[in-house]
Amino acid sequence: IYVEEQVEILDHFISLLEDGGMEKDNAEFKALVSRVYEENKTDLLSIKKSVRANLKKAFKKEFLKNLVSQFTLKYFSFFLLGAALYFWFLVSIKDHISILTVSLPFFVLIPLSVIDCRRNFTLVNAKFLTNRIAFGFIIWWTAIQLFPCNVLIQLGINGSIGRFTSFILISLTFMVEAFLFRAFIQTILVGARNCKMMEENYRLTNA
């Protein structure tokens with residue numbers, strides 16, 4: 001049902017037809033299509049699995065590339081400055097600590113962290129596997145966003161760790177998550193661009 005699968009399967013099937021000797025006569029061509037499909041049905045279906053595996057691998061590779069690209073002095077300086085400001089904020093509200101109050105600056109930080117990542121692209125009108133993989137990343141990022149800081153807040157409140165220690169860890173964690181979000185958005189934009197480029201091939205498969 002996904003465009004990437006359709007394009008790859010069609011491309012492989014056309015190659016099989018060419019190897020099988022495409023006749024000009026329409027009736028013979030239809031017979032050739034049926035025969036080649038029946039002979040190669042299993043191989044054609046296996047392409048779907050390889051397409052999914054290759055796309056997931058490429059998506060993870062792109063994400064890691066975007067993440068590693070942030071290991072520079074400029075971003076490290078932003079990281080330390082952001083963590084210091086976040087720590088100062090937590091100290092100033094130390095008597096009103098909750099998951100909501102702690103997270104408020106983070107909701108401002110998130111859009112600011114990707115302000116230079118804005119791109120103009122039009123939405124695609126087909127079903128792409130790339131978009132589904134991206135949605136999986138959203139779920140994964142949301143989970144790591146909420147869980148660790150909530151644990152750190154509770155550990156600081158019940159005295160399992162020092163309060164200022166919890167503030168430092170929370171500040172660092174939120175900054176890490178902001179940089180992860182930045183790398184994620186950059187990867188999503190690359191995926192969106194690739195989907196748009198492949199949309200023309202999707203029109204060909206429909207034709």
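Within each chain, residues carry numbers counting from 1 in the order of the written sequence. Given that the model is predicted, a residue must reach a pLDDT of at least 70 before its local features are reported, and side-chain atom pairs must reach 80 or more before they are shown or counted; all residues, however, enter totals for whole chains, interfaces and linings. In computing side-chain properties, one takes all heavy atoms of the structure into account and sets aside hydrogens as well as water.

The secondary structure listing takes helices from DSSP runs of H or I that are at least 4 residues long and strands from runs of E that are at least 2 residues long, numbered from the N terminus. Within the protein, the regular secondary structure consists of 6 helices and 0 strands. Listing every helix and strand of the protein by position from the N terminus yields α-α-α-α-α-α. Across the 207 residues in the protein, those meeting the buried criterion constitute 34%. Long-range pairs, those at least 24 residues apart, make up 80% of the contacts in the protein with a sequence separation of at least 6. As displayed, the protein offers around 13,200 Å² of accessible surface, 65% of which is attributable to carbon and sulfur atoms. Per-residue accessibility, obtained with a 1.4 Å probe over protein chains only, is compared with the maximum for each type, and a residue is labelled buried under 20%, exposed over 50%, and partly exposed between these values. Throughout, a contact is declared for two residues whenever any of their heavy atoms are within 4.5 Å. Every accessible area reported is derived by Shrake-Rupley at a probe size of 1.4 Å, with residue values counting cover from the shown protein chains alone.

Axis separation between helix H3 (residues 73-92) and helix H4 (residues 99-113) bottoms out at 10 Å; the angle between their running directions is 150°. In this view, H3 runs roughly antiparallel relative to H4, as classed from their interaxial angle. Considering only the axes of H3 and H4, their crossing is right-handed. For the pair H3 and H4, the contacting residues are Tyr86, Phe89 and Leu90 in the first and Thr101, Val102, Ser103, Pro105 and Phe106 in the second. Amino acids outside the nonpolar list (Ala, Val, Leu, Ile, Met, Phe, Trp, Tyr, Cys, Pro) and the charged list (Asp, Glu, Lys, Arg) are all regarded as polar, and Gly is one of them. Its residues assigned to classes, the contact of H3 with H4 shows 6 nonpolar, 2 polar and no charged. Fitted lines through C-alpha atoms give the axes, limited to the stretch in contact for helices. The angle between two N-to-C directions lies from 0 to 180 degrees. For this classification, under 35 degrees means roughly parallel, over 145 means roughly antiparallel, 65 to 115 means roughly perpendicular, and everything else is oblique. Left-handed describes a crossing in which the near helix is turned anticlockwise from the far one by less than a right angle; the clockwise case is right-handed.

Moving on: the environment of Lys49. When you line up the elements, Lys49 lands in helix H2 (residues 26-68). Separated by 44 residues in sequence, Lys49 and Glu5 have C-alpha atoms that sit 8.8 Å apart.

This part is about the confidence of the model for the protein. On average, residues of the protein carry a pLDDT of 81, and 88% of them reach 70 or more. By mean pLDDT, helix H5 (residues 129-157) is the weakest element of the protein at 76, and H3 is the strongest at 91. A residue's pLDDT is simply how confident the predictor is in it, with values from 0 to 100.

Attention now moves to the pattern of salt bridges. When a carboxyl oxygen of Asp or Glu is within 4 Å of a side-chain nitrogen of Lys or Arg, the pair counts as a salt bridge. Taken as a whole and assessed by the stated rule, the structure comprises 5 salt bridges. Among the salt bridges present, the one from Lys65 reaches Glu62, with a minimum N-O distance of 3.5 Å. Taken as a pair, Lys65 and Glu62 lie in helix H2 at a separation of 3 residues, close to a single helical turn. Given the relative accessible area of 52%, Lys65 is considered exposed.

With that settled, consider the nonpolar core. Core analysis: the biggest nonpolar cluster contains 38 residues, and Leu90, Ile97, Val102, Phe106, Ile170 and Phe174 have the highest contact counts within it. For this core, the elements supplying multiple residues, two or more each, are helix H1 (3-20), H2, H3, H4, H5 and helix H6 (163-206). If one sorts the elements of this core by residue count, H6 sits on top with 9 residues. Leave out the neighbours within four places in its chain, and Ile170 touches Leu90, Val102, Cys149, Leu152 and Ile153. Here the nonpolar core consists of buried residues drawn from Ala, Val, Leu, Ile, Met, Phe, Trp, Tyr and Cys, with membership extended through side-chain atoms lying within 4.5 Å.

Now for the side chain of Glu62. Overall, Glu62 belongs to the buried group, its relative accessible area being 17%. Ignoring anything within four residues of it in the chain, the contact list for Glu62 reads Thr187 and Val190.

What follows is about a negative patch on the surface. Patch construction takes residues with relative accessible area above 30% that form no salt bridge. Like charges are linked within 9 Å, and nonpolar side chains (Val, Leu, Ile, Met, Phe, Trp, Tyr) are linked within 5 Å. Charged residues are defined here as Lys and Arg on the positive side and Asp and Glu on the negative side; His and the ends of the chain fall outside this count. Working definition for charges: the position is that of NZ of Lys, CZ of Arg, CG of Asp or CD of Glu. Taken together, Glu8, Asp11, Glu18 and Asp19 make up a surface patch of like negative charges. Along the chain, Asp11 turns up in helix H1.

With that settled, the discussion passes to the side chain of Ser171. Mapped onto the secondary structure, Ser171 falls in helix H6. Discounting chain neighbours no more than four positions away, the residues touching Ser171 are Ala83, Tyr86, Phe87 and Leu90.

You can see Phe13 is positioned in helix H1. Along the backbone, Phe13 and Asn40 are 27 residues apart, and their C-alpha atoms lie at a distance of 8.6 Å. With residues up to four places along the chain from it excluded, the contact list for Phe13 reads Val33, Val36, Tyr37 and Leu44.

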